[in-house]
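# Analysis of the macromolecular model
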Amino acid sequence: MPIYEYVCEDCQAQFEKIVINKQQEITCPKCASKKATIQLSVFATAGNGSSSSSSGSSSSGGGGCCGGGCGCH
Ligand SMILES: [Zn+2]
């Protein structure tokens, strides 16, 4: 379930909330203000596009004895 980070515009308090419904009203737990702005996850935007490259050399085709090459039977 998505947890979003909010900053209250009134008291600048930061808090996290589990958002089930996007229409739900976010209230600041500190001052009960409803003017909270959503913050996108800070640590995800570090600057480098971390493209998760898939695992490198995929050795397909046996290698094991009975993969077909050696005829060990
Ligand atoms: Zn507040």
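Remember, predicted model here, so these are calculated numbers, not experimental data.

So, about the coordination of the zinc ion. Each donor-metal-donor angle in an ideal tetrahedron of four donors is 109.5 degrees, and each such angle in an ideal octahedron of six donors is either 90 or 180 degrees. Protein ligation of the zinc ion involves Cys 8 (SG), Cys 11 (SG), Cys 28 (SG) and Cys 31 (SG), the donor distances falling in the range 2.2 to 2.3 Å. Its four donor atoms give the zinc ion angles of 107 to 115 degrees at the centre, a pattern that matches the tetrahedral case. Counting along the primary sequence, the residues that act as donors to the zinc ion give the motif C-x2-C-x16-C-x2-C. Highlighted residues: Cys 11 in the loop between β1 (3-8) and β2 (14-18) and Cys 31 in the loop between β2 and β3 (36-39), separated in sequence by 20 residues. Relative accessible area serves as the criterion here: at 35%, Cys 31 is assigned to the partly exposed category.

Glancing now at the nonpolar core. Counting eight residues, the largest nonpolar core is built from Tyr 6, Cys 8, Ala 13, Phe 15, Val 19, Ile 26, Cys 28 and Ala 36. Filtering out sequence-adjacent residues up to four positions away, Cys 8 remains in contact with Ala 13, Phe 15, Cys 28, Cys 31, Ser 33, Lys 35 and Ala 36.

Overall, antiparallel pairing links the three strands, which are arranged β2-β1-β3 in an open sheet. Two strands in the sheet have a free side with no partner beyond their single neighbour: β2 and β3. In this sheet, neighbouring strand axes are inclined to one another by 40 degrees on average, regardless of whether the strands run parallel or antiparallel. Bridge analysis of β1 against β3 gives four bridges, and the strand direction is antiparallel. Within β3, the residue paired with Cys 8 across the bridge is Ala 36.

Examined against the element boundaries, Ile 20 turns out to sit in the loop between β2 and β3. Each C-alpha atom, one on Ile 20 and one on Ile 3, is 8.9 Å from the other, the two residues being 17 residues apart in sequence.

Proximity of charged atoms lets side chains of opposite charge pair with each other. Under the defined criterion, the tally for this structure stands at two salt bridges. Here Asp 10 ties to Lys 35 by a salt bridge, and the two come within 3.7 Å at their closest N and O atoms. Of the two residues, Asp 10 is situated in the loop between β1 and β2 and Lys 35 in the loop between β2 and β3; the sequence distance between them amounts to 25 residues. Classification of Asp 10 by relative accessible area gives partly exposed; the value is 45%. Taking the relative accessible area as the measure of exposure, Lys 35 reaches 48% and is therefore partly exposed.

Thresholds applied
Residues numbered from 1 in each chain as written. Predicted model: local features only at pLDDT ≥ 70, side-chain atom pairs only at ≥ 80, totals over all residues. Heavy atoms only, no water. Donors = N, O, S within 2.8 Å, 3.2 Å for Na, K, Ca; no water. Tetrahedral: all angles 85-135°; square planar, octahedral: opposite > 155°, others 65-115°. Helix = DSSP H or I, 4+ residues; strand = E, 2+ residues; numbered from the N terminus. Buried < 20%, exposed > 50% of the residue type's maximum accessible area, 1.4 Å probe, protein only. Core = buried A, V, L, I, M, F, W, Y, C linked by side-chain atoms within 4.5 Å. Contact = heavy atoms within 4.5 Å. Pairing = 2+ DSSP bridges. Axes fitted to C-alpha atoms, helices over the stretch in contact; angles between N-to-C directions. Salt bridge = Lys/Arg side-chain N within 4 Å of Asp/Glu carboxyl O.

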